[in-house]
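The primary structure of each chain is shown beneath.
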Amino acid sequence: MRILFLTPYLPDPPDFGGAARMFHLIQEVAARHEVVVLSLAGPGETPPGRLPARIVPVPVPLTARQPPGGRKRLGQVRSLLSRRSFQHALYHHPAMQRALDRLTRDERFDLIQIEFSQMGGYRVPPGVPVVLDIHNVEYDVLRQAAARGSLPRRIFNQIEYRKFRREEIAAWQRATACIATSAADAAVVRAATGREVAVVPNGVDLDRFPRFPLDQADPTALVFVGAMRYRPNADAARWFVEHVFPRVRAALPTATFTIVGADPPPDVLALGTVPGVYVTGTVPDVRPWVERAGTVVVPLRAGGGTRLKILEAFAMGRPVVSTRLGAAGIDAKDGEHLLLADTPDAIAATITRLAADATLRQALADRAYALVRERYQWRAIAAELDAVYARLCTKG
């Protein structure tokens with residue numbers, strides 16, 4: 001088969017969640033089929049050339065790879081005067097539509113896969129099946145964000161949520177088939193479309209994220225990994241430092257908390273002035289930071305889909321303490337593969353107990369590693385996606 005992927009930013013390098021999912025799915029699909037990737041690309045970005053697929057970049061002023069700045073803020077203000085969402089303005093570009101029209105006119109494709117609901121507004125040629133990969137239910141992320149933050153941010157997110165909910169559901173309905181990363185997200189899409197939705201979960205590359213001996217890590221060293229330009233990650237880091245970490249330090253005076261992720265906004269950078277807290281900013285490789293940590297924490301209070309950061313921690317043999325929302329969508333059980341807690345007192349108590357119990361740390365790490373080996377390797381996940389393709393093409 002010849003498959004065309006539409007992506008909202010270059011999938012390579014796979015240095016944060018959305019890019020990693022696209023990179024590994026494209027890599028595995030390209031081992032079975034001929035793949036072309038049509039991608040938005042930010043200023044100065046060029047494909048590194050590591051994917052076994054032809055990449056066609058479409059230059060645009062801004063993608064999700066760039067940190068928030070004046071251009072994005074201006075776009076958000078302008079969107080308030082439009083019936084369309086800011087998401088639509090950010091992801092829908094006439095240049096991309098022209099490139100898509102030209103490519104599908106000049107070449108034959110058996111199937112088109114669109115990455116993220118935000119890209120679902122592009123016009124595709126009739127008669128070609130379209131798979132929409134819903135990384136998360138984005139309108140629900142906006143709804144959650146509207147419940148916290150500054151008053152202007154809450155107002156904007158509430159307006160944006162209402163606009164994009166309509167647009168996102170329309171994108172689901174236009175696609176021939178939708179895939180979701182979790183059963184919960186699949187249920188939401190199924191209710192909106194009346195169609196079956198396959199679950200194609202996130203995964204982990206066990207070669208890239210090898211297991212390291214846990215006894216060489218500091219049991220009081222905590223790490224949180226995630227692109228800080230993504231507001232739910234920034235919110236989680238700030239909330240943990242303000243409400244959880246003081247409780248941890250009261251019980252473990254030598255405890256440290258390291259925030260590892262690209263493009264931290266000023267309010268996250270400022271957390272580095274708190275004793276025991278370190279903010280790395282963009283790093284070339286997150287693995288050394290995870291290797292040194294005794295516990296990976298995932299204190300998310302908003303978001304959707306499933307967290308690759310948890311699967312990567314599992315692969316590297318690190319115990320995880322997460323909120324229930326942070327671990328949503330992963331077939332991991334509390335007390336067996338990781339520890340779950342939601343309130344500041346409960347999270348701090350869980351971290352403290354884990355730091356004092358080497359047997360528990362190792363048992364969690366062992367069972368979690370077995371889980372990712374059995375369930376969350378990209379090759380097996382891509383086979384599930386290939387089954388979706390086969391069903392669509394058979395129907396066609």
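Our structure's up above, just so we're on the same page.
Here's what I pulled together on the structure shown here. All residue numbers here refer to positions counted from 1 along the written sequence of the relevant chain. Given that this is a predicted model, residues contribute local features only at a pLDDT of at least 70 and side-chain atom pairs are listed and counted only at 80 or more, while totals for whole chains, interfaces and linings are drawn from all residues. Each side-chain value is worked out from all heavy atoms of the structure, with water and hydrogens disregarded.

Some details on empty space enclosed by the protein
Here comes step 1: Of the grid points, spaced at 1 Å and generated over the protein atoms alone, those admitting a 1.4 Å probe that cannot get out make up cavities, while open sets with protein on both sides within 12 Å along at least five of seven lines make up pockets; any residue with an atom within 4 Å of a point is treated as lining. Grid points are joined across faces, edges and corners, and a volume is the space filled by probe spheres set on the points. In this structure the tally under the stated criterion is two cavities of 30 Å³ or more.
Here comes step 2: There is about 60 Å³ of room inside the largest cavity.
Here comes step 3: Forming the boundary of the largest cavity are Phe-209, Val-225, Val-286, Val-290, Val-296, Lys-309, Glu-312, Ala-313 and Met-316.
Here comes step 4: Partitioning the lining of the largest cavity into residue classes produces seven nonpolar, no polar and two charged.
Here comes step 5: Within this model, the second largest cavity holds a volume of roughly 30 Å³.
Here comes step 6: For the second largest cavity, the full set of lining residues is Phe-240, Val-297, Val-298, Pro-299, Val-321, Ser-322, Thr-323 and Ile-347.
Here comes step 7: Residue assignment for the lining of the second largest cavity shows that the elements contributing at least two residues are strand 11 (293–298) and strand 12 (320–322).
Here comes step 8: Under the scheme applied, nonpolar residues are Ala, Val, Leu, Ile, Met, Phe, Trp, Tyr, Cys and Pro; charged residues are Asp, Glu, Lys and Arg; polar residues are all the others, including Gly. Here the residues of the lining of the second largest cavity sort into six nonpolar, two polar and no charged. A run of DSSP states H or I qualifies as a helix once it reaches four residues; a run of E qualifies as a strand once it reaches two. Both are numbered from the N-terminal end.

What about the environment of Thr-306?
Here comes step 1: Along the chain, Thr-306 falls in the loop between strand 11 and helix 11 (308–315).
Here comes step 2: Residue classification places Thr-306 among the buried residues on the basis of a relative accessible area of 9%.
Here comes step 3: Taking the C-alpha atoms as reference, Thr-306 lies 30 Å from Val-77; in sequence the two are 229 residues apart.
Here comes step 4: Not counting residues up to four positions away in its chain, the partners in contact with Thr-306 are Thr-181, Ser-182, Asn-202, Ala-328, Gly-329 and Ile-330. When accessible area is computed with a 1.4 Å probe and restricted to protein chains, residues below 20% of their type maximum are described as buried, those above 50% as exposed, and intermediate ones as partly exposed. Contacts are residue-level and defined by heavy atoms, with any inter-residue pair within 4.5 Å sufficient.

Structural notes on the packing of helix 8 (residues 231–251) against helix 12 (residues 344–356)
Here comes step 1: Between helix 8 and helix 12, the shortest axis-to-axis distance is 9 Å and the interhelical angle comes to 45°. The orientation of helix 8 relative to helix 12 falls into the category oblique. In this structure, helix 8 crosses over helix 12, and the sense of that crossing is right-handed. Taking contact as the criterion, the partners of Trp-239, Phe-240, His-243, Val-244, Arg-247, Val-248 and Ala-251 in helix 8 are, on helix 12, Pro-344, Asp-345, Ile-347, Ala-348, Ile-351 and Thr-352.
Here comes step 2: Residue classes in the contact of helix 8 with helix 12 are distributed as nine nonpolar, two polar and two charged. Lines fitted to the C-alpha atoms define the axes, with helices restricted to the stretch that makes contact. Angles between their N-to-C directions range from 0 to 180 degrees. Each angle is binned into one of four classes, with values under 35 degrees roughly parallel, values over 145 roughly antiparallel, values of 65 to 115 roughly perpendicular, and all other values oblique. When the near helix sits turned anticlockwise from the far one by under a right angle, the crossing is termed left-handed; a clockwise turn instead gives a right-handed crossing.

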